[in-house]
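Observations on chain architecture
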Amino acid sequence: MCDLQDLLRHCMVYMIIIADKINKFEFSKIVDLYADDLEVSRKRKYGTMPEYEGKIFAEQDYYLYLKDVFFSEIKGILYILEENGRYISAACIEPFKDGFLLNSLVTAKDFRKKGYAKQLLYAAFENLKDVTLYSHVHIKNAASIHLHEKLEFDSLHQYAHMLDGSVRSDHYTYIKNL
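Reading guide: rules and limits
- Note on numbering: residues in each chain are counted from 1, in written sequence order.
- Given that the model is predicted, a residue must reach a pLDDT of at least 70 before its local features are reported, and side-chain atom pairs must reach 80 or more before they are shown or counted; all residues, however, enter totals for whole chains, interfaces and linings.
- Side-chain calculation: all heavy atoms of the structure are included, whereas hydrogens and water are not.
- Whenever a carboxyl oxygen of Asp or Glu lies within 4 Å of a side-chain nitrogen of Lys or Arg, that contact is scored as a salt bridge.
- The pairing criterion is simple: DSSP has to find at least two bridges between the two strands.
- Each helix corresponds to a stretch of at least 4 residues labelled H or I by DSSP, and each strand to a stretch of at least 2 residues labelled E; elements are numbered beginning at the N terminus.
- Simply put, an axis is a line fit to the C-alpha atoms, just over the touching stretch for a helix, and the angle between two N-to-C directions goes from 0 to 180 degrees.
- Any two residues having at least one pair of non-hydrogen atoms within 4.5 Å are treated as being in contact.
- For the exposure calls, accessible area comes from a 1.4 Å probe over protein chains only, and a residue counts as buried if that area is under 20% of its type's maximum, exposed if over 50%, partly exposed in between.
- Each helix should span, by expectation, one fewer than its residue count multiplied by 1.5 Å.
- The angle between axes fitted to the seven-residue stretch ending at a residue and the seven-residue stretch beginning at it gives the bend at that residue.

**Concerning the pattern of salt bridges**
With the rule as written, the count across this model stands at 11 salt bridges. With a closest N to O distance of 3.4 Å, D20 and K24 form a salt bridge. Salt-bridge contacts for K67 lead to D68; the nearest nitrogen and oxygen are separated by 2.7 Å. When salt bridges with common partners are traced through the structure, they connect E26, K29 and E82 into a single cluster.

Shown next, in the form of C-alpha cells:
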C-alpha cells in the first residue's frame, strides 16, 4: 500500500538537458551541483584570497572553461538530469581516443543511490549510439565502480590515461561499446 508521500515521489518528472553550448542550461544550477569540485579548485588556485572572492574567481574560471574550451574547442556535451527545476545529476562527455570519455559524473548528495546517475547515463547512451565510451574511475570510488558494473562497462585497465597525457595508477579505465 502506498501513502501520499510514496505516490508523490513516483510522480516526479525529470528532464534530460543535452547542452552543447553555454546558453543551453542555467550555469548557476551547474555551479550548485559541482560545488565540491569548485571548492577544491578555489582552494588550489585562490587559497590565499578571501573565500568569497576566490569562489567568484573559481566560478568564473569554470564558466570560461565550459564556454571557450569544453564546448567550443573540445566539442564536449554536458548531460544534465533536472527534476522539479533542480539539477540532480550531470556528466561531461567529450571526444577521447577512438570514442568519447565520460567525465565529471556527479549527483547531488541528497539524491545519491536513487538511480539518477543511471537514468542520466541511459539518456546519454541513447544519444551516443555506435561509439566507444571510456570512463576513468578513482579506485576508492565504490559507488561509481558499482554503477559502471551495473551499466555493463567492461574493466579495461587498472590505470588511466588522463586527458592531460598523464597516467594515473589510482584510477581504473572502463569501456562500453554503445
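What follows continues from the structure just given.
**Some points on the sheet that holds strand β3 (residues 86-96)**
The sheet built from 7 strands is open, its strands ordered β1-β2-β3-β4-β5-β9-β6 with mixed pairing. A strand with exactly one partner marks an edge of an open sheet, and here the two such strands are β1 (14-19) and β6 (154-157). Put simply, the sheet's adjacent strands are angled 30° from each other on average, direction ignored. By the bridge criterion, 7 bridges tie strand β5 (residues 132-138) to strand β9 (residues 171-177) in an arrangement that is antiparallel. Paired with H136 across the bridge in β9 is T173. Here helix α5 (residues 116-127) sits on the sheet and contacts β1, β2 (77-83), β3, β4 (99-107), β5 and β9; the angle it forms with β2, its principal contact strand, is near 135°.

**Observations concerning the environment of H148**
Looking at the secondary structure, you find H148 in helix α6 (residues 142-150). On the basis of relative accessible area, H148 is assigned to the buried category, the value being 2%. Along the chain, H148 and L66 lie 82 residues apart, while their C-alpha atoms are 25 Å from each other. The residues contacting H148, other than those within four sequence positions of it, are L102, S135, V137, F153 and Y174.

**Let's talk about helix α4 (residues 51-71)**
Between its first and last C-alpha, α4 extends 28 Å over 21 residues, near the 30 Å set by a 1.5 Å rise per residue. Along α4, the sharpest kink reaches roughly 35°, centred on Y65. Taken as a whole, α4 has its buried residues at G54, A58, Y62, L66, F70 and F71. Among the structural elements, β1, α2 (27-33), α3 (35-46), β2 and β3 are those in contact with the buried residues of α4.

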